[in-house]
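Chain residues, written in single-letter form:
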Amino acid sequence: MTERPHLAVVGAGPAGLAAALAAAARGVRVTLVDAAGQAGGQFYRQPAAALGARRPKALHHQWRTWERLRDGLDRQRSAGRIEHLTDHHVWCVERLTGDGTFGVHALRGPAQEEGVTVRADAVLLATGGYERVLPFPGWTLPGVVTAGGAQAMLKGGLVLPGRTAVVAGTGPLLLPVAAGLAAAGARVAALVESAGPAALLRRAPALAGQPGKLAEGAGYATRLLRHGVRTLARHTVVAAHGTERLTAVTVAALDGAGRVRPGASRRVRCDTLAVGHGMLPHTDLAETLGCTLSGTAVRVDAEQRTDVPGVWAAGEATGVGGAGLALAEGHIAGRSAAARLRGTAPDPRGWAAAARSRTRLREFAAALDAVYAPPPGWAERVPDDTVVCRCEEVTAGEVRGAVDRLGAADLRTVKLLSRAGMGWCQGRMCAPGVAGLTGCPLTAGRRPFARPVPLGVLAALPESD
Amino acid sequence: MTKRLTCDVVVVGAGMVGAACALYAARAGLDVRVVDRGPVAGGTTGAGEGNLLVSDKEPGPELELALLSARLWTGLAEELGPAIEYEPKGGLVVASTPGALAALRDFAAAQRTAGVTAQPVEADRLRDLEPHLAPGMAGGVRYPQDAQVMPALAAAQLLRASGAVLHTGRTVTGVLRTARGAVRGVRTDRGDLHAPAVVNAAGTWGGDLAALAGARLPVLPRRGFVLVTEPLPRRVRHKVYAADYVADVASDSAALRTSPVVEGTAAGPVLIGATRERVGFDRSLSLPAVRALAAGAIGLFPFLERVRALRTYAGFRPYLPDHLPAIGPDPRVPGLFHACGHEGAGIGLAPGTGRLIARTLAGEAPELDLTPFRPERFDTEKGGTP
Ligand SMILES: Cc1cc2nc3c(=O)[nH]c(=O)nc-3n(C[C@H](O)[C@H](O)[C@H](O)COP(=O)(O)OP(=O)(O)OC[C@H]3O[C@@H](n4cnc5c(N)ncnc54)[C@H](O)[C@@H]3O)c2cc1C
Ligand SMILES: Cc1cc2nc3c(=O)[nH]c(=O)nc-3n(C[C@H](O)[C@H](O)[C@H](O)COP(=O)(O)OP(=O)(O)OC[C@H]3O[C@@H](n4cnc5c(N)ncnc54)[C@H](O)[C@@H]3O)c2cc1C
């Protein structure tokens, strides 16, 4: 067959697509593996073709960029330089001890029951991130969805999640979600953001370097205005109400220190609450490969290499910063991997423009991160009877008891002593909440299986690797 | 000139064994403090399983300790049962071939003479006990004394019940000794604790702790992986494992040996474990190890083929060259007591160990002869204490 070196890219979002295109254009055979049915990732999530989307453009920014990536992918696929494996859920990437190549183990089929392994000379992890949602009374009611979940429903299925929505939490993602819901015909009763407008101003220097981003924000704001959406800055949702499903939320005003101002709360009727508190990187695959993390993100060098030979990472997996940053990092990673796989040292001058925007966008992301931190007092406001871990139905009181009464001091022992994080999602959902409630540092949980794997698939792995 | 004492005993290690030592020492009237560099159950106790087995032990000192412990577990269960998820579910050891069955029956006969209840089960009765067991097994033996706890909860609850002062996040960096060499406490990264007795319950790191007191104790790590499935309605009733497990425990081979114990838990997931490898402290995922666990479990319960594993984790069993723990006073360092090296049975053997340690701390005669567990037993073969 072919003599060209083979790169496996996990994740077909902006980062993975940019990486795959950059590498394929430089003589590398690429297999792009993604869990979704179509390319695009979180940002360019595609309405399923069959639904005959009316005006997907109205829901998308940077539509041009997306078209360029999509056309590039089509070209490289027809040329046989990229193979795109859709609906492939990677549960583990293994570095083979013999020759230092890799086995990318995935599940496919309607029920994800069939095991497949892709062999490659190098891997590039572009697995993106997932949403952080912090618990509050009522957050498990039907009708409460994550902000990203609401967005995905809009972009992917074009199903309107409810008629009257509140969008709440913190972070820049709330704006496009509120705008998207409004544009799709929902009444958005309020956008509730815990950060204050003054905090944004204090970050002016870093933000000022971002005309494009600010314009994007301003565009959303204008659209919200046009749809009559009320924005409540320095407010928070303290409780969701309803018996069978959501009927209302209580919104409270926060003081300058992020504490609830006594007496300053009101009830807002709604049947949908889209809530999010920012994003966290997906690092399971990287961790199992032995890549060092910094904080909760995969650590990379200037070429986007991890500290495990043959493993690159790009996009949200290496730190949260938006689609533009993911594109820049993916491009650099793809070029670096291509050069290294051909046995040459890459010339960073070739990607100088991408490197500049990477620097700029990372500064911007750091500035946003400081602005959009969850309000300091949130954890104390969670009553003991609020369920924190949905999978195992563990309450805030039980989680606190693991520390106060039983001697836990990190997330792992809190899990062992309370079962919070032991269920189906393996703590992806509740770990940030548990960390906040207990004061334990939020560390990336060790999850050797990025997806639940049928035992039959494990048993059928090749005997000697 | 003696410093004021902090307490009567410092237990180093807040794992299962340290917790049991603290409990029984406190109940013997001693003022106890427990120190751990991490949280409670942050060592091997939080990285293993909670089988309390007599079934896998041949007659000898370890079995005697297991039987003593099994009795003590029954008592603890009356006090703490649900809080430690104690389940007296019994074990079922199966053999797939007539040869393996003959070996298993001989093994069981010897165990019976040592006080183990071991009931032969004919091939056609196996499915009465385990309806989902693979067909075609040659037969088995049922062990009603086998039971189960959730190890991390058991350690935490025993510590709580002991009333001992617990210092987590505090590392022992030295063992304080008098001019004559006797123990007078421990040095930690956050101050000294003064006591005339120190219990080494540092598990896999027990050799390092002994070295701080100038004593040699060759504790080594033996890695094990466990697979955990999605929660299921109870379909596996006993602790079920294949008969080659018994040969494996005593094996001296460094290669991977697997014969998984399959069991349902109170919370729903099925646990499959564990592998045994000597690879030092390497925590990285071994797909061959989990492959072997999965294959072994499906061999026993074919329905598991389509069940999903949610996670896998590894721990490092503390073992000594002769596969027996070190329990009792160290004659080389007066005031130092060892309670470590329990390999793959430290949860099960913890109460017995704690009781023996408490007796010796209080100057009373222990229930069992401690000679086989002497901590200095490895000196003679290697020519004396370093
Ligand atoms: C609600 C919402 C609104 C947003 N709005 C904006 C905005 O207005 N402007 C902006 O710049 N950014 C926005 N973002 C952020 C933007 O979507 C991300 O920054 C960007 O998508 C990150 O790209 P990525 O390639 O790193 O990851 P992703 O786009 O998340 O792609 C990761 C891909 O990896 C795949 N994957 C992950 N794990 C596996 C696995 N184990 N096996 C197989 N495949 C796997 C996923 O299926 C996915 O396709 C928004 C995000 C959200 C959630
Ligand atoms: C995969 C696997 C499965 C197992 N299954 C079973 C089973 O089914 N049944 C069973 O009975 N056993 C089982 N075991 C074995 C059992 O887990 C161990 O024997 C037992 O946990 C040992 O307990 P311990 O208290 O001696 O050690 P640990 O739990 O390791 O506790 C030692 C403690 O000492 C602390 N420490 C060490 N050095 C210092 C220092 N210098 N200063 C302060 N603190 C220190 C450590 O932080 C640690 O918390 C299994 C083990 C593994 C790995």
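Fair warning: this is a prediction, and the values are worked out from it, not measured in the lab. (Residues numbered from 1 in each chain as written. Chains lettered and ligands numbered in written order. Predicted model: local features only at pLDDT ≥ 70, side-chain atom pairs only at ≥ 80, totals over all residues. Heavy atoms only, no water.)

K.L.:
Quick rundown of the sheet that holds strand β6 (residues 139-143) of chain B? Include the residues and the values.
P.N.:
Overall, mixed pairing links the nine strands, which are arranged β23(A)-β17(B)-β13(B)-β16(B)-β15(B)-β14(B)-β4(B)-β6(B)-β5(B) in an open sheet. Each edge of the sheet is formed by a strand with only one pairing partner; in this case those strands are β23 (453-454) of chain A together with β5 (119-122) of chain B. Each of β4 (91-95), β5 and β6 of chain B is contacted by helix α3 (residues 98-113) of chain B, which is oriented at about 25° to β6(B), the strand it contacts most. (Pairing = 2+ DSSP bridges. Helix = DSSP H or I, 4+ residues; strand = E, 2+ residues; numbered from the N terminus. Contact = heavy atoms within 4.5 Å. Axes fitted to C-alpha atoms, helices over the stretch in contact; angles between N-to-C directions.)

K.L.:
Let's hear about the nonpolar core: which residues, and what values?
P.N.:
Residue and element names in this part refer to chain B. Residues Trp73, Tyr143 and Val199 are the most contacted members of the largest nonpolar core, which totals 97 residues. Ranked by residues supplied to this core, first place goes to helix α2 (residues 61-80) with 10 residues. Sequence-distant contacts of Trp73, that is, excluding residues within four places in its chain, are made with Met16, Leu52, Ile84, Tyr86, Val149, Ala154, Ile347, Gly348 and Pro351. If you look at the next biggest cluster of nonpolar residues, it comprises 40 residues, including Leu126, Ala134, Met137 and Val270. (Core = buried A, V, L, I, M, F, W, Y, C linked by side-chain atoms within 4.5 Å. Buried < 20%, exposed > 50% of the residue type's maximum accessible area, 1.4 Å probe, protein only.)

K.L.:
Help me get a handle on the interface of chain A and chain B, residues and values and all.
P.N.:
With 39 residues of chain A at the contact, the number on the chain B side is 38 residues. Both faces considered, chain A and chain B share a buried interface measuring about 3300 Å² in area, 63% of it formed by carbon and sulfur atoms. Its largest share of buried area at the contact with chain B, chain A owes to A:Leu406, A:Phe449 and A:Leu455, together 20% of the area lost on that side. Applying the counting rule to chain A against chain B returns one salt bridge. Close ionic contact of B:Arg306 with A:Glu113 constitutes a salt bridge, the shortest N to O distance being 2.9 Å. Of all the secondary structure elements, the ones that give two or more residues to the side of chain A that touches chain B are β4 (89-95), β5 (102-108), α12 (411-418), β23 and α14 (455-459) of chain A. Ranked by residue count, the leading element in the side of chain A that touches chain B is α12(A), at five residues. (Buried area = accessible area lost by both parts, 1.4 Å probe. Salt bridge = Lys/Arg side-chain N within 4 Å of Asp/Glu carboxyl O.)

K.L.:
Account for the pattern of salt bridges, with residues named and values stated.
P.N.:
For side chains of opposite charge, pairing can occur when their charged atoms come near one another. Per the counting criterion, the structure on display carries 32 salt bridges over all chains. Salt-bridge contacts for A:Asp71 lead to A:Arg70; the nearest nitrogen and oxygen are separated by 3.5 Å. With a closest N to O distance of 2.7 Å, B:Asp322 and B:Arg377 form a salt bridge. Placement of B:Asp322 in the loop between β17 (308-319) and β18 (326-329) and of B:Arg377 in helix α10 (residues 377-382) is noted, with a sequence separation of 55 residues between them. Given the relative accessible area of 8%, B:Arg377 is considered buried. Via salt bridges that share partners, A:Asp301, A:Glu303, A:Arg305 and A:Arg340 belong to a single interconnected network.

K.L.:
A description of the site of ligand 2 should follow, citing residues and the corresponding values.
P.N.:
Residue and element names in this part refer to chain B. Taken together, the neighbourhood of ligand 2 is formed by 36 residues, with Asp36, Thr45, Asn51, Glu343 and Gly348 sitting nearest. Interatomic distance of 2.9 Å between a backbone N/O atom of Val172 and a nitrogen atom of ligand 2. Here Glu343 contributes a backbone N or O atom positioned 2.6 Å from an oxygen atom of ligand 2. Calculation on ligand 2 without its partners gives an accessible area of 1000 Å², and the protein chains cover 96% of this total. Of all the elements in the fold, those that place two or more residues in the shell around ligand 2 are α1 (16-27), β13 (220-231), β17 and α9 (346-361). (Near = heavy atom within 4 Å. Polar contact = N/O pair within 3.5 Å; in protein donor to acceptor, adjacent residues only side chain to side chain. Areas by Shrake-Rupley, 256 points an atom, 1.4 Å probe, with all protein chains shown as cover.)

K.L.:
Report on helix α10 (residues 352-371) of chain A, specifying residues and quantitative values.
P.N.:
Here α10(A) spans 29 Å end to end across 20 residues, near enough to the 28 Å set by a 1.5 Å rise per residue. Taken together, the buried positions of α10(A) are occupied by A:Ala354, A:Ala355, A:Ser357, A:Arg358, A:Leu361, A:Phe364, A:Ala365, A:Ala367, A:Leu368 and A:Val371. (Expected span 1.5 Å × (residues − 1).)

K.L.:
Outline the pairing of β17(B), listing residues and values.
P.N.:
Where burial is concerned, most of β17(B) is hidden: 12 out of the 12 residues are buried. Examined bridge by bridge, β23(A) and β17(B) share two bridges and lie antiparallel to one another. Along β17(B), the bridge assignment pairs A:Val453 with B:Ala309. Relative to β17(B), β13(B) is paired through 10 bridges, and the arrangement is antiparallel. Bridging across to β17(B), B:Gly224 finds its partner in B:Gly315.

K.L.:
Quick rundown of the packing of aromatic side chains? Include the residues and the values.
P.N.:
A full pass over the atoms with the stated rule returns four aromatic pairs over all chains. Aromatic pair A:Trp91 and A:Phe449: ring centres 5.7 Å apart, planes at 75°, arrangement edge-to-face. With A:Trp91 in strand β4 and A:Phe449 in the loop between α13 (431-438) and β23, the pair connects residues that are 358 residues apart, well separated along the chain. Measuring from ring centre to ring centre gives 6.2 Å for B:Phe301 and B:Phe303, while their planes differ by 70°; the resulting arrangement is edge-to-face. Cation over ring: B:Arg37 sits above B:Trp205, and NZ or CZ is 5.0 Å from the ring centre. (Phe/Tyr/Trp six-rings, centres within 6.5 Å; stacked < 30°, edge-to-face > 60°. Lys NZ or Arg CZ within 6 Å of the ring centre and 35° of its normal.)

K.L.:
Quick one: what's the story with helix α1 (residues 14-24) of chain A, residue by residue and with numbers?
P.N.:
Residue and element names in this part refer to chain A. Within α1, 11 of the 11 residues are buried, which leaves the element mostly enclosed by the surrounding structure. Within the sequence span of α1, burial applies to Pro14, Ala15, Gly16, Leu17, Ala18, Ala19, Ala20, Leu21, Ala22, Ala23 and Ala24. Each element contacted by the buried residues of α1 is listed here: β1 (6-10), β2 (29-33), α2 (63-78), β3 (82-85), β7 (122-125) and α9 (323-341).

K.L.:
Describe the environment of B:Arg377, with residues and values.
P.N.:
All names here are of chain B. Sequence-wise, Arg377 and Leu217 are 160 residues apart; in three dimensions their C-alpha atoms are separated by 9.0 Å. In contact with Arg377, other than residues within four places in its own chain, are Leu320, Asp322, Leu324, Pro325, Ala326 and Pro372. Among the polar contacts listed, one links the side chain of Arg377 to the backbone oxygen of Phe373, at a separation of 3.2 Å.

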